[in-house]
Amino acid sequence: ALAMTAAPVAAQGRGDLAKVEQHLAATQSMTANFVQTDSKNRALRGTLQIKRPGKIRFEYGRGANMLLVGNGRTLTFVDYDVGQKSSWPVAKSPLSVLLASNPDLQRIARIVPSKDARVVLVRARDARRPEFGTILLGFVRNPAAPGGLLLEGWTAIDAQNKRTTVKLDGQRYNVAVAENAFTYAEPRKRGR
């Protein structure tokens, strides 16, 4: 009896993972509002722009003089208050699942059981590169969204087990996003 109930659940998981792949393939761009919460429960608000492959911009709102930008190859975090920036390859970030032109979800992702049939949870982690971290994506079934799924947000877990949760609202798919959204002004060193 256990084998008979496990087979439909596994098939549903593969079907939902295929829907996530369809969602990603059908999403060329997205804009949204976000609330980002770190492991110390500090929250920042702002706007998000994505243009696949590899481009993303987190524009933080009032009181946060910083920016996270992906230009297609590199993610750069800029802190204008301290005049510093740090960069790393998009491919070495948990966000690469959302930003890759064709992520290999069958190899790196699994459906996580949800108590709500409307919710699809996906855990993605490259076992070959655990230092890149893990991302848990949350979707809600919505026939009007690409692939029938609306991205509600995600939790990224880095190699040091620090969690950052991003919740989205006001999602707009396949809208025009200017290329200059993925550039930034160089920070000035403090004291200059």
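None of these values were measured; they are calculated from a predicted model.

The element strand 4 (residues 66-71) is extensively covered by neighbouring structure, given that 5 of its 6 residues are classed as buried. When strand 3 (residues 55-60) meets strand 4, the two strands line up antiparallel, connected through 5 bridges. Residue Glu59 lies in a different strand from strand 4, and its bridge partner there is Leu67. Linking strand 3 back to strand 4 in an antiparallel pair, the connection comprises 5 residues, with Gly63 at a positive phi of about 85 degrees. The pairing of strand 4 with strand 5 (residues 74-79) spans 5 bridges and is antiparallel. Residue pairing in the sheet places Met66 in a bridge with Asp79 of strand 5. Taking the residues between adjacent antiparallel strands as the criterion, strand 4 and strand 5 are bridged by 2 residues, where Gly72 takes a positive phi near 115 degrees.

Here the bond from Arg52 into Pro53 is cis, since omega is 5 degrees, no more than 30 degrees from zero. Along the chain, Pro53 turns up in the loop between strand 2 (43-51) and strand 3. The phi angle at Asn161 is positive, at roughly 70 degrees, despite the residue not being glycine. You can see Asn161 is positioned in the loop between strand 10 (149-157) and strand 11 (163-173). The residue Asn174 is not glycine, and still its phi comes out positive at about 55 degrees.

Take the pattern of salt bridges next. Tallied over the entire structure, the rule returns 9 salt bridges. A salt bridge links Arg42 to Asp38, with the nearest nitrogen and oxygen atoms 2.7 Å apart. A salt bridge links Arg129 to Asp126; its shortest N-O distance comes to 3.5 Å. Residue classification places Arg129 among the partly exposed residues on the basis of a relative accessible area of 38%. Take Asp126: its relative accessible area is 13%, and that puts it in the buried class. Connected via shared salt-bridge partners are Lys51, Lys55 and Glu179.

Among the structural elements, Arg57 can be located in strand 3. Of note is the side chain of Arg57, whose polar atom sits 2.7 Å from the side chain of Glu59. Of the polar contacts made by the side chain of Arg57, one reaches the backbone oxygen of Thr183; its length is 2.7 Å. The contact partners of Arg57, leaving out residues within four places of it in the chain, are Thr47, Leu48, Gln49, Leu67, Leu68, Val69, Asn180, Ala181, Phe182 and Thr183.

In this structure, Leu48, Phe58, Leu95, Leu137, Leu151, Trp154 and Leu168 are the most contacted members of the largest nonpolar core, which totals 38 residues. Residue contributions to this core peak at 5 residues, all from strand 10. In contact with Leu137, other than residues within four places in its own chain, are Val97, Leu98, Val120, Leu121, Val122, Leu151, Gly153 and Trp154. Counting residues in each nonpolar core, the second largest holds 7 residues, with Val69, Val175, Ala181 and Phe182 among its members.

Cut-offs and rules
Residues numbered from 1 in each chain as written. Predicted model: local features only at pLDDT ≥ 70, side-chain atom pairs only at ≥ 80, totals over all residues. Heavy atoms only, no water. Buried < 20%, exposed > 50% of the residue type's maximum accessible area, 1.4 Å probe, protein only. Helix = DSSP H or I, 4+ residues; strand = E, 2+ residues; numbered from the N terminus. Pairing = 2+ DSSP bridges. Salt bridge = Lys/Arg side-chain N within 4 Å of Asp/Glu carboxyl O. Polar contact = N/O pair within 3.5 Å; in protein donor to acceptor, adjacent residues only side chain to side chain. Contact = heavy atoms within 4.5 Å. Core = buried A, V, L, I, M, F, W, Y, C linked by side-chain atoms within 4.5 Å.

Purely spatial values, then, with no claim about function.
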